[in-house]
Amino acid sequence: MRRRMRGVAVAAIALTSVMTMAACAKDSGGGSNNAGTGTGAACEFAEAPSAPATSNTSAANGDKVDASALKIGLAYDIGGRGDASFNDSAAAGLDKAISDMGVKKENTRELSAAPNEDESAKQTRLRQLASEGFSPIIGVGFAYAESMKLVAAEFPNVKFGLVDGSVEGAANVTPLLFAEQEGSFLAGVIAAYQSKKCHVGFVGGVEIPLIQKFEAGYAQGAKAAAPKIQVEKKYITPAGDFTGFQDAPKGQEAAKGQIDKGADVIYQAAGASGKGIFSAAKQGGVLAIGVDSDQYNQATVADTKDVIVSSMLKRVDVAVYDFVKAVAKNDIASLPKVFDLKVNGVGYSTSGGKIDAKLQGILEGYKAQIIEGKIKVADKP
């Protein structure tokens, strides 16, 4: 994800949806949901909401903060820096803190998790950072919750941040939570408008509640835009097997299965496995939607970027940066409870030029309705 100023308004465009003759494929069983009687034609769209005249997202706070005295530790999830997704977004937030707030690179430490590692390994990682004087320490991923509960109690003067999780009763642990379902709703709208067959797919890394938020929002958004659309779904691994976030060949296989069924836009929430999903899309001549970072601009997927129509931006970079800033200001209470559409905590990218002004206007209309509460996005399938 490329770091962008929060609160930048997209130019408002009033529009109505274009109606095209369509019917969508009937649920073929297995991993698909919703129905229609399929001809493989483009979708018939619902009436789209108009874009707002002005931005209704929160403006960024531009005050200068000196964080040069901080020692910052990042404990990454599986894949670490270079995963072209979730961890890279966190890394981008750290990089911005170094460039904007005077954090010294030599006063930062980055450690990564291994697939299916023991809980003791996470405890050791966090304990190592805390004992070496790092504060704040950011656990990138809910998998650190149990370990952070233990280690934070051992180091009450160290400030911890936990992406995608919380630790009840731990005053020195700040939850950094997101409305992934809201950003995924917009990804679903994009998929519907980009599909030529009214048939799209979702590939999740691991079938856990967090990733199901992506699935739920995506399916709801696709169906809001095109009520008869067919949505395939597939998880690479079941709950408990976290290799699904780091297995590109299995990701490619999962995406190929959906493409073979007729899906022509695939949304992935699969961490480093997404590289395989993009490869399948390129080989199958279809489009893909990235996740977390602006994956069109990620060097590690440069060979397949032309299939990436957009990415659902989960602004972990914003959360990491804002948390560091709040620690430096001693103002943790200023952080939002949830990084949602209203605070630009989630969103969508337009890199690559496949999201034209017309579709952007449609997306901004749906975004406004979510922020205003006119559309409630489910966080469960």
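Here the structure is a predicted model, which is why all the values come from computation and not from measurement.

Rules used throughout
- Residues numbered from 1 in each chain as written.
- Predicted model: local features only at pLDDT ≥ 70, side-chain atom pairs only at ≥ 80, totals over all residues.
- Heavy atoms only, no water.
- Axes fitted to C-alpha atoms, helices over the stretch in contact; angles between N-to-C directions.
- Helix = DSSP H or I, 4+ residues; strand = E, 2+ residues; numbered from the N terminus.
- Parallel < 35°, antiparallel > 145°, perpendicular 65-115°, else oblique.
- Left-handed = near helix turned anticlockwise from the far one by under 90°.
- Contact = heavy atoms within 4.5 Å.
- Phe/Tyr/Trp six-rings, centres within 6.5 Å; stacked < 30°, edge-to-face > 60°.
- Buried < 20%, exposed > 50% of the residue type's maximum accessible area, 1.4 Å probe, protein only.
- Lys NZ or Arg CZ within 6 Å of the ring centre and 35° of its normal.
- Expected span 1.5 Å × (residues − 1).
- Pairing = 2+ DSSP bridges.
- Right-handed = clockwise from strand over helix to strand, strands pointing away.

Asker: What exactly am I supposed to notice about the packing of helix H4 (residues 180-194) against helix H5 (residues 209-225) here?
Answerer: In a pair of packed helices, the angle between the axes and the distance between the axes together describe the arrangement. At a closest axis distance of 6 Å, the pairing of H4 and H5 adopts a crossing angle of 40 degrees. Classed by the angle they form, the pair H4 and H5 counts as oblique. The hand of the H4/H5 crossing is right-handed. Contact residues: Glu-180, Gln-181, Ser-184, Phe-185, Ala-187, Gly-188, Val-189, Ala-191, Ala-192 and Tyr-193 in H4; Leu-210, Lys-213, Phe-214, Gly-217, Tyr-218, Gln-220, Gly-221, Ala-222, Ala-224 and Ala-225 in H5.

Asker: Can you help me understand unusual backbone geometry in this one?
Answerer: Note: most peptide bonds trans; most residues except glycine with negative phi. At the junction of Ser-135 and Pro-136, the peptide bond is cis and its omega measures out at 10 degrees in the coordinates. Phi at Asn-116 takes a positive value of approximately 55 degrees, unusual for a residue other than glycine. On the secondary structure map, Asn-116 appears in the loop between strand E3 (108-113) and helix H2 (119-131). The backbone phi angle of Asn-330 is positive, close to 55 degrees, even though this residue is not glycine.

Asker: How do you make sense of the packing of aromatic side chains when you look at a structure like this?
Answerer: Two aromatic rings are characterised by how far apart their centres lie and by the angle between their planes. Taken as a whole and judged by the stated rule, the model has nine aromatic pairs. For the ring pair Tyr-218 and Tyr-267, a centre distance of 4.8 Å and an interplane angle of 40 degrees mean the geometry is tilted. Of this pair, Tyr-218 sits in helix H5 while Tyr-267 sits in strand E9 (residues 265-269), placing them 49 residues apart in sequence. On the basis of relative accessibility, which here comes to 0%, the residue Tyr-218 falls in the buried class. The exposure class assigned to Tyr-267 is buried, which follows from its relative accessible area of 0%. In textbook terms, an aromatic cluster arises when at least three aromatic residues are bridged by ring pairs, as seen for Phe-202, Tyr-218, Tyr-235 and Tyr-267. If you follow Lys-71 out to its NZ or CZ, it ends over the ring of Phe-134, 4.6 Å from the centre.

Asker: Whenever I open this one, helix H1 (residues 86-101) confuses me. Can you help?
Answerer: Three- or four-residue spacings in an α-helix give side chains the same orientation, since the helix completes a turn every 3.6 residues. In this model, H1 (16 residues) spans 23 Å end to end at C-alpha, consistent with the 22 Å of a helix rising 1.5 Å per residue. Turning to H1, its buried residues are Phe-86, Asn-87, Asp-88, Ser-89, Ala-90, Ala-91, Ala-92, Gly-93, Leu-94, Ala-97 and Met-101.

Asker: Hey, could you run me through the pairing of strand E4 (residues 137-140) in this one?
Answerer: A regular strand places its side chains on the two faces of the sheet in alternate fashion. Judged by which residues are buried, E4 turns out to be covered on both faces: Ile-137 and Gly-139 on one side and Ile-138 and Val-140 on the other are all buried. Note that E4 and strand E5 (residues 160-163) share four bridges and pair parallel. Bridge pairing links Ile-137 to Phe-160 in E5. With helix H3 (residues 145-154) bridging E4 and its parallel neighbour E5, the resulting β-α-β unit is right-handed.

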